[in-house]
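A structural walkthrough
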Amino acid sequence: MKMKVTVKGKGRYLIASSFVTFGLLAGCGSGDVFESEEANAGSESEQVAVEESEQVAVEESEQAASEKSEKADSEEVTDDHVIDIRAFEMGYTPPTITLTKGEEYTLVMKNEGELFHDLTSQDIDVEITYMSEMPDHPEEVSFIDDILGMNKAHAEGDHDGEQGDGHDEEMNALHMNSKPGQTVEIKFIPKEAGGFKFYCSIPGHEEAGMHGMFEVID
């Protein structure tokens, strides 16, 4: 009888030990799985944060580029007083140019259209200091030269800072013209404050919307 009791006690002890061991192993296993899931979740969260940060950076960059482009289109006057203006059918970009009285500017006009265009302002009082070579008006619009007379300021073409031959020494208005794809320039000093209209003097162009304004401030 003592032997049977002893055997049963040992059996119970072995069974209990087995359950404890199994429980420990199961606990360790589930802990590893839980830690793995936490690690994966953390990695995914970090990836989402990185992607969101990159998206914000792209959006901010695009917004800055857009604002810079809008500012350049509205008024392309740089710190060194070089003004780039583009002529096309039928208008100018930028349509408004702000100048300071008494300071010298370089006006660079590129004809991006498919027709002959000019830029004329008969009201503005300026001192011309340089003109690049520019073409004559086509025969069908050559009468404009007679209308502008001594106020015409397009050059036959020195590039040494002198005005072209055949023009009066003092010219108090702007007139520059170019063929399709051609770029011309003129340097001048505005001598009077105020608002002064400029336009394309080719017949029908001003009426079609090809005009703008010089705003000269003190």
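Presented here is a report on the structure given in the accompanying data block.

Calculation rules
Residues numbered from 1 in each chain as written. Predicted model: local features only at pLDDT ≥ 70, side-chain atom pairs only at ≥ 80, totals over all residues. Heavy atoms only, no water. Helix = DSSP H or I, 4+ residues; strand = E, 2+ residues; numbered from the N terminus. Buried < 20%, exposed > 50% of the residue type's maximum accessible area, 1.4 Å probe, protein only. Contact = heavy atoms within 4.5 Å. Pairing = 2+ DSSP bridges. Axes fitted to C-alpha atoms, helices over the stretch in contact; angles between N-to-C directions. Phe/Tyr/Trp six-rings, centres within 6.5 Å; stacked < 30°, edge-to-face > 60°. Lys NZ or Arg CZ within 6 Å of the ring centre and 35° of its normal. Salt bridge = Lys/Arg side-chain N within 4 Å of Asp/Glu carboxyl O.

This brings us to the overall build of the chain. Along the chain, the regular secondary structure elements total two helices and ten strands. Ordered by position from N to C terminus, the α and β elements of the chain give α-β-β-β-β-β-β-α-β-β-β-β. When burial is assessed residue by residue, the chain has 30% of its 218 residues classed as buried. Partitioning the contacts of the chain with sequence separation of at least 6, the portion at a separation of at least 24 is 67%.

What follows is about the sheet that holds strand β1 (residues 82-88). Read from one edge to the other, the open sheet built from five strands follows the order β2-β1-β4-β8-β6, with strand pairing classed as mixed. Strands with a single pairing partner mark the edges of an open sheet, and in this sheet they are β2 (91-93) and β6 (126-131). The mean inter-strand angle of the sheet, taken between neighbouring strand axes irrespective of direction, is 30°.

Residue position: Y130 is located in strand β6. Relative accessible area serves as the criterion here: at 11%, Y130 is assigned to the buried category.

Relative to the helices and strands, E127 is located in strand β6. Residue classification places E127 among the partly exposed residues on the basis of a relative accessible area of 40%. Along the sequence, E127 and K187 sit 60 residues apart, while their C-alpha atoms lie 8.5 Å from each other. Apart from the residues within four sequence positions on either side, E127 is in contact with K187, F188, I189 and K191.

This part covers the packing of aromatic side chains. Tallied over the entire structure, the rule returns four aromatic pairs. An aromatic cluster is built from Y92, Y105, F188, F198 and F214, whose rings are joined through pairwise contacts. Above the ring of Y130, the side-chain terminus of K187 is found at 5.7 Å from the ring centroid.

Moving on: the environment of L115. Residue position: L115 is located in the loop between β4 (105-111) and β5 (117-121). Residue classification places L115 among the partly exposed residues on the basis of a relative accessible area of 38%.

Turning to the pattern of salt bridges, a few remarks are in order. Counted according to the given criterion, the structure contains two salt bridges. The partner of E112 in a salt bridge is R86, and the shortest N-O contact between them spans 3.8 Å. Taken as a pair, E112 in the loop between β4 and β5 and R86 in strand β1 lie far apart in primary sequence, 26 residues in all. E206 is the salt-bridge partner of K197, the closest N and O atoms lying 2.6 Å from each other. Assessed through its relative accessible area of 34%, K197 is described here as partly exposed.

Relative to the elements of secondary structure, T106 occurs in strand β4. Discounting residues that sit within four places of it in the chain, T106 has contacts with H81, V82, I83, E185, I186 and K187.

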